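# Survey of secondary and tertiary structure
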Amino acid sequence: MKLYFSPGSCALAVHIALAETGLKYETEAVDLRSMPRKTAGGAVYADINPKGYVPALVLDNGELLSETQVLLQYVADQAPEKALAPKAGEFARYRLQEWLSFISTEIHKGFSPLWNPASTPEQKDAAWTKLASRIAHVNEVLSGQEFLMEGFSVADAYLFTCLRWTGIFQKPLTPYPHVLKWMERVIARPGVRQAMQEEGLF
Ligand SMILES: N[C@@H](CCC(=O)N[C@@H](CS)C(=O)NCC(=O)O)C(=O)O
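Residues numbered from 1 in each chain as written. Predicted model: local features only at pLDDT ≥ 70, side-chain atom pairs only at ≥ 80, totals over all residues.

## Observations regarding the domain arrangement of the protein chain
Which entries qualify depends on this criterion: What marks off one domain from the next here is an automatic or database domain assignment. A residue pair is marked as a contact if its C-beta atoms, positioned from the backbone, fall within 7 Å. Note on conventions: DSSP H or I runs of at least 4 residues are helices, E runs of at least 2 residues are strands, and numbering of each starts at the N terminus.
Looking at the protein chain, the domain boundaries give domain 1 (2–82 + 191–198) and domain 2 (91–189). Here the C-alpha centroids of domain 1 and domain 2 sit 20 Å apart. Each side of the interface is counted separately: domain 1 has 14 residues, and domain 2 has 13 residues. For the side of domain 1 that touches domain 2, the secondary-structure elements that each account for two or more residues are helix H1 (11–21), helix H3 (68–78) and helix H10 (190–198).

Dropping the structure here:
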């Protein structure tokens with residue numbers, strides 16, 4: 001498997017999942033600021049992934065798979081013994097998908113106005129107010145459990161990846177102490193550290 005990523009982007013979630021499986025994988029960075037977007041190896045990224053954004057995963061059979069929620073589940077399913085996702089068909093799998101959808105649409109995409117240089121300060125404030133209410137929900141959940149699911153799962157990898165961005169926008173997570181403790185638990189994991197090191201984030 002080969003992951004196309006940009007350091008610290010949402011692709012880090014898939015990178016963490018890959019590292020957590022212990023399976024062999026390759027990575028190649030994509031420069032999202034170049035035009036056309038180029039990979040570290042000099043390829044035009046749109047020739048590899050016509051969607052043009054990261055993450056994308058080239059499978060061992062040569063197929064290209066995209067969309068973070070799908071990649072996370074695909075990677076988890078390659079190493080079922082690591083229990084990064086409940087088995088397909090179990091009710092808990094729907095709970096995982098509920099988290100992945102929440103993280104994708106309410107948190108990941110909730111950051112979009114903050115990233116967008118065209119957003120006004122009012123638009124950024126409104127986006128943060130909404131995001132803060134979603135983070136407060138997660139804080140409440142994490143007051144009674146160690147991870148989003150029964151053990152560490154790909155949902156934790158995805159949420160952790162997005163909540164790291166609060167540091168970029170100087171939005172401290174101090175009002176959310178259970179989230180902060182959970183971030184510490186997640187970052188202490190060797191798989192998480194490996195992926196972050198490979199992206200040059202340490
Ligand atoms: N729907 C995609 C969105 C991925 C996405 O937002 N990727 C960002 C980085 S976190 C990106 O590559 N942005 C550049 C762009 O949108 O062109 C997914 O869930 O994987």
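## A closer look at helix H6 (residues 121–142)
This is how the line gets drawn: By this rule the span expected of a helix is its residue count minus one, scaled by 1.5 Å. For the exposure call, what matters is how many other C-beta atoms sit within 10 Å of a residue's own: 20 or more marks it buried, 12 or fewer exposed, and in between partly exposed, using C-beta atoms placed from the backbone. By definition, the arc is the one covered by directions from the helix axis to the C-beta atoms.
The terminal C-alpha atoms of H6, which comprises 22 residues, lie 31 Å apart, in line with the 32 Å expected from a rise of 1.5 Å per residue. Looking only at H6, the buried set comprises Ala127, Leu131, Ile135, Val138 and Leu142. The buried residues of H6 all sit within an arc of 70° when viewed along its axis, so they share a single face. Residues Glu122, Thr129, Ser133, Ala136, His137 and Glu140 are exposed on H6 and point more than 90 degrees away from its buried face.

## Observations concerning the pairing of strand S1 (residues 2–5)
This is how the line gets drawn: For two strands to count as paired, DSSP must find a minimum of two bridges between them. Seen with the strands pointing away from the viewer, any crossover whose path from the first strand over the helix to the second strand runs clockwise is right-handed.
Pairing analysis gives 4 bridges linking S1 to strand S2 (residues 26–31), with the strands arranged parallel. In the sheet register, Leu3 faces S2, and the bridge partner there is Thr27. One crossover worth recording links S1 to the parallel S2 by way of H1, and it is right-handed. As paired elements, S1 and strand S4 (residues 56–58) share 3 bridges and run antiparallel to each other.

## Concerning the site of the ligand
Stated formally: Throughout this description, a residue near a molecule or strand is one whose C-beta atom, derived from the backbone, lies within 6 Å of it. Basically, the charged four are Asp, Glu, Lys and Arg, the nonpolar ten are Ala, Val, Leu, Ile, Met, Phe, Trp, Tyr, Cys and Pro, and anything else, Gly included, counts as polar.
Near the ligand, the surroundings consist of Ser9, Cys10, Leu32, Gly52, Tyr53, Val54, Pro55, Glu67, Thr68 and Ser104. When the residues that make up the shell around the ligand are grouped by side-chain class, the tally is 5 nonpolar, 4 polar and 1 charged.

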